[in-house]
Amino acid sequence: MTTLTIDRRAEWKRRLSFSNLSVVYILVALVVFFGVWKTDLFLTYDTFSGMLNQNAIQALMALSLIMALSSGVFDLSIGYVMSLTSMLTAYLVSPQYGNLLPSSAIAIALAVALLAGVVNAIVVVIFKIDSFIGTLATGSIFYSAAVYVTDNVPISVGTSTIRSLGSWNVASLGAPVFVVAVVMVVLWYLMGHTPTGRAVYATGLGPEAARLAGIRTKRIQFTSLLVSALVAGVAGVLATAKFSQGSAGVGAPYLIQAFAAVFLGATLFRGSLFNAVGTVIAVIMLGTITVGLALAGVVQQWVPYAFQGLILISALGLGGLRRRPKAPTAAEVEPAPSAEVPAQPDGVPTHV
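Residues numbered from 1 in each chain as written. Predicted model: local features only at pLDDT ≥ 70, side-chain atom pairs only at ≥ 80, totals over all residues. Heavy atoms only, no water.

### Observations regarding a nonpolar patch on the surface
Side chains of Ile 122, Ile 126, Phe 127, Ile 129, Phe 132 and Ile 133 sit close together on the surface and give an oily, nonpolar patch of about 570 Å² of accessible area. For the nonpolar patch, the secondary structure elements donating two or more residues are α7 (102-126) and α8 (131-150). Taking the relative accessible area as the measure of exposure, Ile 129 reaches 38% and is therefore partly exposed. (Patch = residues over 30% accessible without salt bridge, like charges linked within 9 Å, V, L, I, M, F, W, Y side chains within 5 Å. Areas by Shrake-Rupley, 256 points an atom, 1.4 Å probe, with all protein chains shown as cover. Salt bridge = Lys/Arg side-chain N within 4 Å of Asp/Glu carboxyl O. Helix = DSSP H or I, 4+ residues; strand = E, 2+ residues; numbered from the N terminus. Buried < 20%, exposed > 50% of the residue type's maximum accessible area, 1.4 Å probe, protein only.)

Encoded structure:
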């Protein structure tokens with residue numbers, strides 16, 4: 001057996017290992033489990049398409065975090081940016097208020113989302129405030145703006161044609177599913193196959209080393225926060241079309257699961273690096289739990305959250321076992337004998 005054959009086998013063993021594909025294996029196990037438990041209900045195309053439609057906006061929110069987290073910054077404002085763009089879109093298209101064309105309303109809403117990203121970038125990159133605290137503070141400001149505009153009352157889009165965007169579908173898959181597919185492919189290519197993606201990862205893994213290597217780390221983080229806000233803004237627009245109304249509270253529930261999915265997705269494919277494909281698979285896995293339990297008649301609200309928590313711990317914990325470095329043996333830690341030189345006049349030996 002040649003060395004090349006052994007290396008290939010080792011590489012395929014690594015790629016197919018549980019530590020590299022933990023979420024995929026757990027997803028397959030869940031499909032088998034629910035498929036056996038509720039075969040007639042679970043293993044149908046309607047269930048599959050319904051699960052994708054139900055979790056598309058969640059996936060988009062998780063994808064909004066990929067570049068920011070990869071560049072080493074947190075963005076806790078995405079839920080509030082989503083709420084702000086949702087409210088603004090509904091306000092602008094509603095006959096009672098703006099009565100604008102959907103295209104104009106969407107353009108304005110996304111411009112405001114970009115503006116929110118600029119604010120985040122100035123606070124975090126220019127003012128050098130910790131991203132965790134800075135984006136939490138700016139998120140509160142964005143939320144207060146959404147509440148101020150509408151007095152915290154949901155706004156219906158009325159008869160606006162934006163409702164057609166929420167009901168549009170192909171093969172029972174709604175517009176958000178296709179938007180997620182496009183964003184996922186763009187991020188997959190950008191982060192995994194371009195110099196820009198390598199620069200983003202380098203910035204997140206070691207900003208000082210990346211800066212010394214000539215990477216403009218501040219520009220990378222600034223742009224990453226813009227992308228994060230823009231994708232969250234797209235999610236807000238789609239939420240307005242889907243629910244036919246804008247609400248100041250629409251974005252907050254997506255935040256925790258977005259972070260859970262993106263960190264869970266990092267266990268897949270790219271060796272603990274945040275990646276788009278792994279993130280979408282993680283969202284599908286979490287969505288499978290919710291849909292499967294609902295079809296099984298488990299109506300208690302706390303059960304899906306407990307189930308998801310256990311799955312997250314299992315995937316992250318067991319998936320990381322093989323990544324943990326082994327403890328060195330005594331022989332490995334025993335220092336090599338040092339050479340001695342003749343004693344100095346004071347009688348104390350000197351080691352080299």
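### Quick notes on the packing of aromatic side chains
Going through the model one piece at a time under the given rule, you end up with 11 aromatic pairs. Measuring from ring centre to ring centre gives 5.1 Å for Phe 263 and Phe 274, while their planes differ by 85 degrees; the resulting arrangement is edge-to-face. With Phe 263 in helix α14 (residues 252-265) and Phe 274 in the loop between α14 and α15 (276-295), this residue pair connects regions lying 11 residues apart in the sequence. (Phe/Tyr/Trp six-rings, centres within 6.5 Å; stacked < 30°, edge-to-face > 60°.)

### Here we look at unusual backbone geometry
Residues other than glycine seldom take positive phi values, yet Asn 99 does so here, at roughly 55 degrees. Structurally, the position occupied by Asn 99 is in the loop between α6 (78-93) and α7. The backbone of Lys 128 sits at a positive phi, close to 60 degrees, despite the residue not being glycine. You can see Lys 128 is positioned in the loop between α7 and α8. A relative accessible area of 61% places Lys 128 in the exposed class.

### A few points about the pattern of salt bridges
Evaluation of the coordinates by the stated rule reveals one salt bridge. In this structure, Arg 211 engages Glu 208 in a salt bridge whose closest nitrogen and oxygen atoms are separated by 2.5 Å. Separated by three residues within a single helix, Arg 211 and Glu 208 lie in helix α12 (residues 207-212), roughly one turn from each other.

### Observations regarding α7
With 25 residues, α7 should reach 36 Å at 1.5 Å per residue; the first-to-last C-alpha distance of 35 Å fits that figure. The set of residues buried in α7 consists of Pro 102, Ala 105, Ala 109, Ala 113, Ala 116, Gly 117, Asn 120, Ala 121, Val 123, Val 124 and Val 125. As for α7, its buried residues are in contact with α6, α8, α9 (162-167) and α13 (217-243). (Expected span 1.5 Å × (residues − 1). Contact = heavy atoms within 4.5 Å.)

These results come straight from atomic positions and should not be treated as a statement about function.
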